[in-house]
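Each chain, letter by letter, is given below.
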Amino acid sequence: MKKILIVDDEIMMQKIASKILSTKYEVVCTSSGEEAIELFETEKPDMVLSDLQMPGMDGYELHRILQEKTSGAVPIMFMTADESDESESHGFEIGAADYIRKPLKADILMRRVENILDNLDKMQDLKQAADIDPMTGLLNKAAATRELEEICKTAGGVLLMVDLDSFKLVNDIHGHAMGDKILIALSKLLKKITIDGDLIGRIGGDEFIAFCHNVKSEHAIANKTKFLNENILSVAKKLMGENFNIPLGVSIGAVFVPIEGTDFNELFKKADKALYKVKQNGKHGYNIYSEEKAPAPENFSDITQILGERNINGAYFLDFEIFKFIYRFEIRMATAYKKEFQLLTLNVDTDKESVIEEIVELLKYNLRITDCFTLKGKNQFLILLPETKLTEANFMKIKLSAKIATSKNLSQYKITLDLKSL
């Protein structure tokens, strides 16, 4: 039930207004502007119905003070016995929602109050719609940022940046409709690791942000990360089958508040730095920001161990963006050192998941470990053969074509393998 604060120094007028409005609304009454300010903070009414001329503090002054305390979001209607148009005009100039003259008429008062509150509801609905990400039902970037700027000033807890690892591959291989289902699933999982009063927002395509109140331990963050990684993969397998083999998971950058500050923009940068470290060290984990200290000197063997590949297992299957950098590097090598390389394209007349996965496995284990390939779009593979002459590339083309022709799973599809002249 909506609540209305009635302010009038005449007790009889309070009773009249209260009797009219109490049939539909909860009513709180007071006789002065000073008391109204106190009641407004404790009762939190939806609107104020105030006499204009009162001893001590008049309605104009009351409205001004309430606007300052609540950033101007105070629907107020003035009551007055003054017949002049001047006071009415001034009331609207300072932002009054409506103006009604005494003596009060029950039907007119009720209708005007209903109009104010109906408009308030519509504005609230519009504001909410503008703040919500339509796909996930979470706050969008603008709304989440606005809320977090205030939360971080006073609250204690942890700010989390959550990134969905390998999500682009889901879109590329299984389509954007399936990608949307994964994003919705992750948003539901994020709600499960938070409590009432916490905040969750979607700030990018596959990026989310959350503030968890009163979380102060690394153990809690570790548990949340484990829960998200286990369950998002479980959901993906239910949606796309047990053979789903994309390394889907989440990486989380965390920063404790107020230990690392209270300014949201600075905290966001720190959480982003923590997230970057996770991304650089295998993904599917978390990192908690702390002030960086000068790193201890590393010897050459330490550096090579960090840079080195631990498990060499077939040709590289790369994300398209990474593949572009490798291709550009080969162009530079060819220009500077006259190194030859070749590019093969493999086109499939279907984007059926099982067929694409079969081709990925075929390429991975029939190409050299120095070769790399990527999936461009839904059904075109690009294959890069470094330090390869044209005759060697033709031999590789024939070898792969034979493998495709003899495969029980692939022979029924039209698959073309072409060698691009570079």
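Scroll up to find the structure.
Residues numbered from 1 in each chain as written. Predicted model: local features only at pLDDT ≥ 70, side-chain atom pairs only at ≥ 80, totals over all residues. Heavy atoms only, no water.

**Describing the nonpolar core**
Line of reasoning, step 1. Core analysis: the largest hydrophobic core is formed by 59 residues, its most contacted members being Leu346, Leu363 and Ile383.
Line of reasoning, step 2. Broken down by element, this core gets its largest block of residues, seven residues, from helix α8 (residues 176-192).
Line of reasoning, step 3. Each residue touching Ile383, except ones within four places of it in the same chain, is listed here: Phe323, Gln342, Leu343, Leu344, Leu346, Leu363, Leu367, Cys372, Phe373, Leu400 and Leu417.
Line of reasoning, step 4. Among the nonpolar cores identified, the runner-up in size contains 21 residues, and Cys152, Val255, Phe264 and Tyr289 belong to it. (Core = buried A, V, L, I, M, F, W, Y, C linked by side-chain atoms within 4.5 Å. Buried < 20%, exposed > 50% of the residue type's maximum accessible area, 1.4 Å probe, protein only. Helix = DSSP H or I, 4+ residues; strand = E, 2+ residues; numbered from the N terminus. Contact = heavy atoms within 4.5 Å.)

**Structural notes on the packing of helix α7 (residues 167-174) against α8**
Line of reasoning, step 1. The interhelical angle for the contact between α7 and α8, taken along N-to-C directions, is 145°, at an axis separation of 7 Å. Listed contacts from α8 to Phe167, Val170, Asn171 and His174 of α7 are His176, Met178, Gly179, Ile182 and Leu183. (Axes fitted to C-alpha atoms, helices over the stretch in contact; angles between N-to-C directions.)

**Description of the sheet that holds strand β5 (residues 98-101)**
Line of reasoning, step 1. Ordered by their spatial adjacency, five strands build an open sheet running β2-β1-β3-β4-β5, and the pairing between neighbours is parallel. Pairing within the sheet leaves two strands with one partner each, and these edge strands are β2 (26-30) and β5. The mean angle between the axes of side-by-side strands here comes to 20°, regardless of whether they run parallel or antiparallel.
Line of reasoning, step 2. By the bridge criterion, four bridges tie strand β1 (residues 3-7) to strand β3 (residues 47-51) in an arrangement that is parallel. (Pairing = 2+ DSSP bridges.)

**Thoughts on the packing of aromatic side chains**
Line of reasoning, step 1. The full count for this structure, using the stated rule, is five aromatic pairs.
Line of reasoning, step 2. Taking 4.9 Å as the distance between ring centres and 15° as the angle between the ring planes, the aromatic pair formed by Phe317 and Phe373 counts as stacked. Of the two residues, Phe317 sits in strand β11 (residues 316-318) while Phe373 sits in strand β13 (residues 372-376), which places them 56 residues apart along the sequence.
Line of reasoning, step 3. Residue classification places Phe373 among the buried residues on the basis of a relative accessible area of 0%.
Line of reasoning, step 4. Taking 5.8 Å as the distance between ring centres and 80° as the angle between the ring planes, the aromatic pair formed by Tyr327 and Phe341 counts as edge-to-face. Linking Tyr327 in helix α12 (residues 320-337) with Phe341 in the loop between α12 and β12 (342-348), this pair joins segments that are 14 residues apart in sequence.
Line of reasoning, step 5. Residue Tyr327 is classed as partly exposed on the basis of its relative accessible area of 25%.
Line of reasoning, step 6. For Phe341, a relative accessible area of 5% translates into the label buried.
Line of reasoning, step 7. Within the aromatic cluster, the residues linked to one another by ring pairs are Phe317, Phe373 and Phe381.
Line of reasoning, step 8. Taking NZ or CZ as reference, Arg328 lies 5.7 Å from the ring centre of Phe325, over its face. (Phe/Tyr/Trp six-rings, centres within 6.5 Å; stacked < 30°, edge-to-face > 60°. Lys NZ or Arg CZ within 6 Å of the ring centre and 35° of its normal.)

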